[in-house]
Each structure stands twice: as structure tokens, then as C-alpha cells.
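# Coordinate inspection notes
Spelled out from the first residue to the last, the chains are:
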Amino acid sequence: MGGLVIGGIISERIGWRWCFWIMAMAILPICLVTFFLSPSPASTRSKSDVYKNMDWVGLFLMTAAVLLLVFAVTEGNVKGWASKEVLPPLIISLLLFPVFGFVETIAKEPLIPPWIWTLPTFTPLFFIVLSEYAYMNTLVLQSSEVFQRVWNVSAVNAAIRIIPFGLTGLITTFIVGTLTPYVSPRFLLCGGHALVLAGAVLLAFSGTEDTYWTKVFPAFIISCAGLATAFVSSNIAMLRAPLFSSGVDLLETTSLIGAIFNASLQIGSSVGLSIVIAISTKVSGGDVSDFKGYRAGWWFIAGLAGFEALLAAISLWRHGMPPNHLDDEKTLEKGQDSWSERPSE
């Protein structure tokens, strides 16, 4: 929230490029301090052994596939989908994804072990999580663009108008955190995505400045409440996925799932935002002051949220709470505590 306002002030006073320069100047010393002051994690393996067995091929393939896909989707409407600048990257990216999947089956220590997909609820939750940061970034970016390009308000004014979105997320996150031990993630995810859908529909009819209090403001409250609900519940649900299976190493599996969860958020954000930009550009013909393009983006978000709500309702039908989940989670917490107390070698 503060970042939006500060960024608006910087953009308006000295230029948007300085937002990145100032961030870089702030982040660099923080990185250095963190590097030297962070405690070394307990480890039973040497760094050379970790680097030797790292799935470098899989890492390269996934990174290249996502980068090429984002580039192709973003530039498709600008340079033409059949152009030599867009078509080859698109084809290569689509080919790299299955190649990555195959590499993971033969890698010694794969980034994403194939067995992880066999955990109950994990696969549908993975695809649900892909959309969540895409919602957030699209809502913030498109709203800011509409305020400045269509409504012609200042960058600071636009940032202030988005503050209710952040405040709602902060409050909802705490509330949902208290509900997850007692309410099935199926209901939370369906409800959360339904709220995102409702908010996106309201935003699709907010083409003029006089609709801020009647449509945009309630849309921010509704959509962010849904986004925060979906984010918290999907995170908990993914970490609970191993509890549905017997004979699974909880410590190893939950650590892996945590990493996949965060990676899927970033990948989904990049790809989803690129798709929205491509749709908006196509509909508006590249005219950033034409609300029709933004409206098309909101309808895409509404459709995606509806699909994800349906996916959650169907895929989590028989998997609400894991058996004896409270006892199992207490056991997991104890295991994590004992693991953290192990001496490093």
C-alpha cells in the first residue's frame, strides 16, 4: 500500500524510471546485510554435492520455456502471431514444457519429482494457484492504467484509489488464517474465486470516473477479499496434501511443496498478465485510453476465476480435511522443530 503511494509520488515528480533506481539502491544493501547475518541452515550435505546433483537442465528448460512464452504472448498482437519474431519463440516454448517433464523423470534429483503429482489434491491445487498472483497483478496494473489513461488522474491519485485493495487483503488474510483449521479448503477456494469473479464483473462496467464509489471501490473490497481467501486456503491445502497419503516423508514433501507453491505463483503471474495485456491490446487496437481493452481483460479474469471455482468444487469434492489433520499437523510441527535443532555437519 505504501509502495503504491510512494511509487506514484516518485513517478509524478521525477519520473517512473527512478522507481526502479531507488528500489535497486534500497535492495542492494539489504541483500548484503542478509547474506552476512543470516544463519546457515542445518545440512547433512556439502555444497559441492548439492551443486553437482542440481537439476540444472530442468532449471534451464523451465526458465527458457516460461520466458519465451511470456515474450510470445506479449508481442503477438504487436508484431503479429505469425511473424518471425513471435512464432518461433512460441513454438519452442510449447515444445520445451513436455521436454522438461521428460527430463524430470530421468534426473537424479529433479526440480519437480514426478511422484509429487500423485498426491491427492496436489495437481488441481497447482493449477488453481497459478491464477492467484495473476489476479492480483492484473487488478493493480489495469486499475492503475484505467485511472491514469482513461480517467486522466495523476499517478498519486491513482495509487491512493487502490489503497482499499491492499487494506482488504491485509485484514482478510488474518481472518482466513483462523478459519483454515476448521473450514474445508474446498469451500474457501470456491468462495474466494467467486468473489474475484464478482469483483472483475463490476470492474468491467467502470469506464468512467463517477463509477469509483459505486463499482470500483466495492469491486476492490470484494475481489481482494476473495483473492486473500484463495491465497491462504490454497497454500494450506497444498501443504496438507501429503497428509492424505501414507508413507510420505512430511518434512521433505512439505518443503518441496512450499517451493513449488511460490514458483507457481510467479509463473502464473507472468503468463496470466501477459495474456491479459495481449487481449487488451488486441481489443483496443493499442489505444491505451480505450476502456474496451481493459473491459476485455476484466472479462478474462472473471472467466478464469469462474473456471478455478468450478475446478476447486469438483477436484476437492472428496478431499476436504485430511484424516486427523490437527494431530498430523502437530506432529509435522514437532518434526520441523526437531529438524531445525539438528547440528550442522
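Source: prediction; values computed, not measured. (Residues numbered from 1 in each chain as written. Predicted model: local features only at pLDDT ≥ 70, side-chain atom pairs only at ≥ 80, totals over all residues. Heavy atoms only, no water.)

## Re the overall build of the protein chain
The criterion, for reference: To qualify as a helix, a DSSP run of H or I must reach at least 4 residues; to qualify as a strand, a run of E must reach at least 2; elements of each kind are numbered from the N terminus. This radius of gyration counts C-alpha atoms alone. The globule rule is 2.2 Å times how many residues there are, raised to the power 0.38. Burial here depends on accessible area, computed with a 1.4 Å probe over protein chains only, as a share of the maximum for the residue type. Under 20% is buried, over 50% is exposed, and the range in between is partly exposed. What makes two residues a contact is simply this: any of their non-hydrogen atoms within 4.5 Å. Residues counted as positive are Lys and Arg, residues counted as negative are Asp and Glu, and His and the chain ends are not counted. To locate a charge, take NZ of a lysine, CZ of an arginine, CG of an aspartate or CD of a glutamate.
Along the backbone of the protein chain there are 13 helices and zero strands. At 22 Å, the protein chain has a C-alpha radius of gyration in line with the 20 Å of a compact globule built from 345 residues. For the protein chain, the C-alpha atoms occupy an extent of roughly 60 × 45 × 40 Å along the three principal directions. Taken across its 345 residues, the protein chain has 40% of its residues classed as buried. Long-range contacts, defined as pairs at least 24 residues apart, comprise 79% of the intrachain contacts of the protein chain with a sequence gap of at least 6. Across the protein chain, the 20 positively charged side chains and the 23 negatively charged ones have centroids separated by 6 Å.

## Thoughts on helix α4 (residues 56-79)
Quick reminder of the rule: In a helix, the anticipated span is given by 1.5 Å times the number of residues less one. Two axes enter the bend calculation: one fitted to the seven residues ending at the residue in question, the other to the seven starting there, and the bend is the angle between them.
Taking 1.5 Å per residue as the helical rise, α4 with its 24 residues ought to reach 34 Å, and the 33 Å between its terminal C-alpha atoms agrees with that figure. The largest bend along α4 reaches roughly 30 degrees and is located at V73. Within the sequence span of α4, burial applies to G58, L61, M62, A64, A65, V66, L69, V70, A72, V73 and G76. Taken from the residues just after α4, G80 is the one with a positive phi, measuring 100 degrees.

## Remarks on helix α6 (residues 122-129)
Across the eight residues that make up α6, a large majority, six, are buried. Among the residues of α6, those classed as buried are F122, P124, L125, F126, I128 and V129. Buried-residue contacts for α6 involve α7 (132-150), α9 (185-203), α10 (212-240), α11 (250-284) and α12 (291-315).

## Quick notes on the packing of α11 against α12
To keep things clear, this is the line we draw: Note on definitions: angles span 0 to 180 degrees between N-to-C directions of axes, and those axes are lines fitted to C-alpha atoms, for helices only across the stretch in contact. If an angle is under 35 degrees, it is roughly parallel; if it is over 145, roughly antiparallel; if it lies from 65 to 115, roughly perpendicular; otherwise it is oblique. Each helix crossing is assigned a hand: it is left-handed if the near helix lies turned anticlockwise from the far helix by less than a right angle, otherwise right-handed if that turn is clockwise. Residue polarity follows a fixed list, in which Ala, Val, Leu, Ile, Met, Phe, Trp, Tyr, Cys and Pro are nonpolar, Asp, Glu, Lys and Arg are charged, and the others, Gly among them, are polar.
The geometry of α11 relative to α12 is characterised by a closest axis approach of 7 Å and an angle of 140 degrees between their N-to-C directions. In terms of axis orientation, α11 runs oblique to α12. Note that α11 runs across α12; the crossing there is right-handed. Of α12, the residues touching α11 (which contributes I275, V276, I279, S280, V283 and S284) are K292, G293, Y294, A296, G297, F300 and I301. Along the lines of polarity and charge, the residues of the contact of α11 with α12 split into eight nonpolar, four polar and one charged.

## Thoughts on unusual backbone geometry
The residue T121 is not glycine, and still its phi comes out positive at about 75 degrees. Mapped onto the secondary structure, T121 falls in the loop between α5 (87-106) and α6. On the accessibility criterion, T121 (8% relative accessible area) is buried. Here the phi dihedral of N152 falls at roughly 60 degrees; this positive angle occurs in a residue that is not glycine. Topologically, N152 is positioned in the loop between α7 and α8 (155-179). By relative accessible area, N152 is classed as exposed at 62%.

Just distances and angles here, no functional claims.
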